[in-house]
Each structure stands twice: as structure tokens, then as C-alpha cells.
Amino acid sequence: MGSLDDLPPLRAVIAAHGLAAKKSLGQNFLLDLNLTARIARVPGDLSGASVFEVGPGPGGLTRGLLAEGAGKVLAVEKDARCLPALAEVAAAAPGRLEVIGGDALEVDPRAHLDGPIHVVANLPYNVGTELLVRWLTPEVWPPYWASLTLMFQQEVAERIVAQPGGKAYGRLAVLAQWRAQARIALRLPPEAFTPAPKVHSAVVHLRPRPVPLWPADPEVLSRVVAMAFNQRRKMLRAALKGLGGDVEALLEQAGITPTERAERVTIEQFAALARAVAGRAGAPASRQGQGNQ
Ligand code: SAM
């Protein structure tokens with residue numbers, strides 16, 4: 001049985017297993033093992049850690065995670081053509097890699113991994129945002145994951161870390177930063193991938209805050225923020241009409257000028273608005289323990 005260092009170069013793996021990239025599965029592979037090693041180091045020390053990898057493809061990033069000392073990697077890959085290649089990686093790291101063939105959206109990693117879980121993925125762009133929103137909006141907080149290290153189109157990455165006042169600031173920034181610390185860890189040009197996509201990419205790293213920065217019911221916050229940014233060029237008193245009742249009074253209660261636009265409202269102010277909405281007479285009871293104030 002060989003070791004990880006004895007595995008063939010990824011180009012040879014792709015040729016041997018006939019892994020011509022499929023656009024429908026968002027396949028843009030990373031073939032440079034120095035680069036996959038750099039991504040695998042973004043979460044910090046992985047010695048003995050549990051890692052959930054979404055979309056391992058031919059296994060470049062998987063090799064990096066195992067080489068960084070991950071105790072167990074659970075890798076979920078939808079493309080059955082990649083499974084024999086991943087079996088070779090598993091054989092080179094006995095007992096440390098479990099591969100599941102299927103849709104990552106349907107797998108709960110907690111059924112396969114112990115302890116805090118680091119999620120690492122060079123995601124297919126079409127599933128990336130859906131998974132991120134799901135990871136950011138679980139029933140209970142803090143979540144099961146200890147960190148998220150995720151590749152996105154650079155434009156999406158900028159939206160996750162955006163600050164108020166710019167075009168990139170929106171629902172994704174509020175959802176991500178309310179409950180997590182988010183930063184761009186790496187930026188990659190199209191040529192880093194095979195085949196090269198049309199756009200630049202970036203790796204975003206998120207760590208959950210023990211409690212959200214400001215208290216709010218997550219469902220109310222999510223609804224208010226979605227409504228506010230849905231008509232982002234309108235003044236909030238108009239964009240939030242769907243809330244019903246005296247919207248201007250709610251905004252003022254939250255310390256927000258009613259003529260303001262969503263992109264200039266801070267996360268603290270959105271949380272205050274969600275509290276004002278949840279506190280209205282007749283509003284359903286809000287979820288408890290959602291903040292540190
Ligand atoms: N991680 C590999 C790398 O860095 O070279 C592959 C990255 S490629 C951008 C995305 C991978 O996710 C592909 O292998 C694709 O088949 C897989 N994939 C697409 N949709 C998926 C899904 N819903 N669940 C699991 N894997 C998926």
C-alpha cells in the first residue's frame with residue numbers, strides 16, 4: 001500500500017479515469033498540489049480534525065487535507081466517474097478518508113464524523129450559495145461546524161465579506177457576518193483551474209461567533225433583510241411596506257432613518273429592526289437566546 005506522496009500527478013489521474021470536466025456539475029479542477037495544500041492550510045491546524053469536503057472531484061484538495069493531518073475526511077462527490085480515483089486516495093491514507101457518492105445537499109456529515117467539523121470545499125458554483133445559506137441558518141447556534149473554507153466566484157466572495165455602503169453589501173453579508181467572522185483568505189485567477197472558468201475565484205474563511213453580534217430572531221432578521229434588499233434602490237419606508245403596520249415607526253424604533261436605503265444600514269441596525277418587528281403586538285413569539293446583549 002502506497003502513501004499519499006506516491007499517488008500519481010492529478011493530470012495522470014484524470015487521464016487514467018477519463019475525467020473530462022462536465023460543465024453541468026460545475027467541474028473546474030485544481031491540479032496544482034501546492035495550491036491545494038495552501039487551501040488546506042486556511043482552516044488552521046487540522047491535526048486529528050474531522051473534515052467534510054464537498055465535491056472532491058479527482059481528489060487534489062482531499063490529498064491536501066489528508067497531508068495536513070486531518071484525522072478523518074468525509075468527501076461527498078456526485079460524479080460517480082471520480083469514485084475510483086478517490087478510492088486510490090483512500091487506500092493511500094488508510095482509515096482516514098470516507099467517500100460517499102451522491103449529492104452533498106442530502107448528506108448530514110454529523111452521521112459520519114465526530115467532534116467539531118471543518119467544512120472545506122471547492123464548490124460547484126451553483127450549489128455553493130445554497131450550501132452557505134444552509135450552514136449559516138441552522139436551528140441552533142453555535143452550529144456543528146468549526147469553520148467553513150469555501151471557494152466562490154470572486155464576486156460572490158466579495159458579497160460575503162462586504163461592508164455597508166457599497167453595491168456588494170446585501171443579504172449574504174448580513175447573514176454571514178451577523179453570526180460568523182468572514183474573510184477572504186486567497187484569490188485565484190481563472191488559470192488556476194482546469195478548465196479555466198471565465199471569472200476569478202476566491203476562498204472565503206468563516207468562523208462561527210459563539211453568539212450573534214446583536215440579538216435577533218434569525219427568521220425575522222432573514223425576512224426583513226431579504227425584503228429590504230429586494231428593492232435595494234428604494235427608501236426603506238417603501239421597500240419594507242410588506243411588513244405592514246407603521247413601518248416608519250418601526251424604523252425609527254430601530255434607529256434607522258426611514259428615507260435610508262438598505263445598503264447603508266448596518267447589521268446592528270438590521271438586528272434592531274428585526275427586534276422591533278418581532279416585538280410588535282400580535283407578532284409570534286421569537287426564538288430565544290439569539291444574541292449577547
Ligand atoms: N474539489 C475538486 C478540485 O478542487 O479540483 C473539484 C472541484 S469542482 C469545482 C466541483 C466538484 O463538485 C465536482 O467534482 C463536481 O462533480 C462536484 N459536485 C457538483 N455538484 C455536487 C453536489 N451536489 N454534491 C456533491 N458534489 C458535487
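Quick summary incoming for the structure in this document.

So, how was this worked out
Residues numbered from 1 in each chain as written. Predicted model: local features only at pLDDT ≥ 70, side-chain atom pairs only at ≥ 80, totals over all residues. Heavy atoms only, no water. Helix = DSSP H or I, 4+ residues; strand = E, 2+ residues; numbered from the N terminus. Buried < 20%, exposed > 50% of the residue type's maximum accessible area, 1.4 Å probe, protein only. Near = heavy atom within 4 Å. Areas by Shrake-Rupley, 256 points an atom, 1.4 Å probe, with all protein chains shown as cover. Nonpolar A, V, L, I, M, F, W, Y, C, P; charged D, E, K, R; others polar. Axes fitted to C-alpha atoms, helices over the stretch in contact; angles between N-to-C directions. Parallel < 35°, antiparallel > 145°, perpendicular 65-115°, else oblique. Left-handed = near helix turned anticlockwise from the far one by under 90°. Contact = heavy atoms within 4.5 Å. Expected span 1.5 Å × (residues − 1). Phe/Tyr/Trp six-rings, centres within 6.5 Å; stacked < 30°, edge-to-face > 60°.

Describing the environment of Gly95
So, step 1. Along the chain, Gly95 turns up in the loop between helix H4 (83–92) and strand E4 (97–101).
So, step 2. With relative accessibility at 74%, the residue Gly95 sits in the exposed group.
So, step 3. Put simply, Gly95 and Lys72 are 23 residues apart on the chain and 7.6 Å apart in space, counted from C-alpha to C-alpha.

Quick word on the site of the ligand
So, step 1. Taken together, 20 residues lie near the ligand, and Leu30, Gly55, Glu77, Asp103 and Asn122 sit nearest.
So, step 2. For the ligand, whose unbound accessible area comes to 590 Å², protein coverage reaches 98%.
So, step 3. Broken down by secondary-structure element, the contributors of at least two residues to the shell around the ligand are strand E1 (29–30) and strand E3 (72–77).
So, step 4. Residues belonging to the shell around the ligand are distributed by class as follows: eight nonpolar, seven polar and five charged.

With respect to the packing of helix H7 (residues 171–179) against helix H8 (residues 218–230)
The relative placement of two packed helices comes down to the angle between their axes together with the axis-to-axis distance.
So, step 1. Across the interface, H7 lies against H8 with an axial gap of 9 Å and an inter-helix angle of 150°. On the basis of the axis angle, H7 is roughly antiparallel to H8. Read as a crossing pair, H7 and H8 show a hand that is right-handed. Of H8, the residues touching H7 (which contributes Arg171, Val174, Leu175, Trp178 and Arg179) are Pro218, Leu221, Ser222, Val225, Ala226 and Phe229.
So, step 2. Among the residues making up the contact of H7 with H8, the classes are represented as eight nonpolar, one polar and two charged.

A word on helix H5 (residues 125–136)
So, step 1. Taking 1.5 Å per residue as the helical rise, H5 with its 12 residues ought to reach 16 Å, and the 17 Å between its terminal C-alpha atoms agrees with that figure.
So, step 2. All of the buried residues in H5 are Val127, Gly128, Leu131, Leu132, Val133, Trp135 and Leu136.

Topic: unusual backbone geometry
So, step 1. The peptide bond linking Trp141 to Pro142 adopts the cis configuration, its omega dihedral lying at 5°.
So, step 2. Mapping Pro142 onto the fold places it in the loop between H5 and strand E6 (145–153).

Describing the packing of aromatic side chains
So, step 1. Going through the model one piece at a time under the given rule, you end up with three aromatic pairs.
So, step 2. Centre to centre, the rings of Trp141 and Trp145 are 5.8 Å apart; their planes meet at 85°, and the pair counts as edge-to-face. Summarising the burial analysis for this pair, Trp141 and Trp145 share the class buried.
So, step 3. With a centroid separation of 5.8 Å and an interplanar angle of 80°, the aromatic rings of Tyr169 and Phe229 are classed as edge-to-face. In this pair, Tyr169 is assigned in the loop between helix H6 (154–161) and H7 and Phe229 in helix H8, connecting sequence segments 60 residues apart. In this pair, the class of Tyr169 matches that of Phe229, namely buried.
So, step 4. Clustering of aromatic rings is evident, with ring pairs tying together Tyr169, Phe229 and Phe270.

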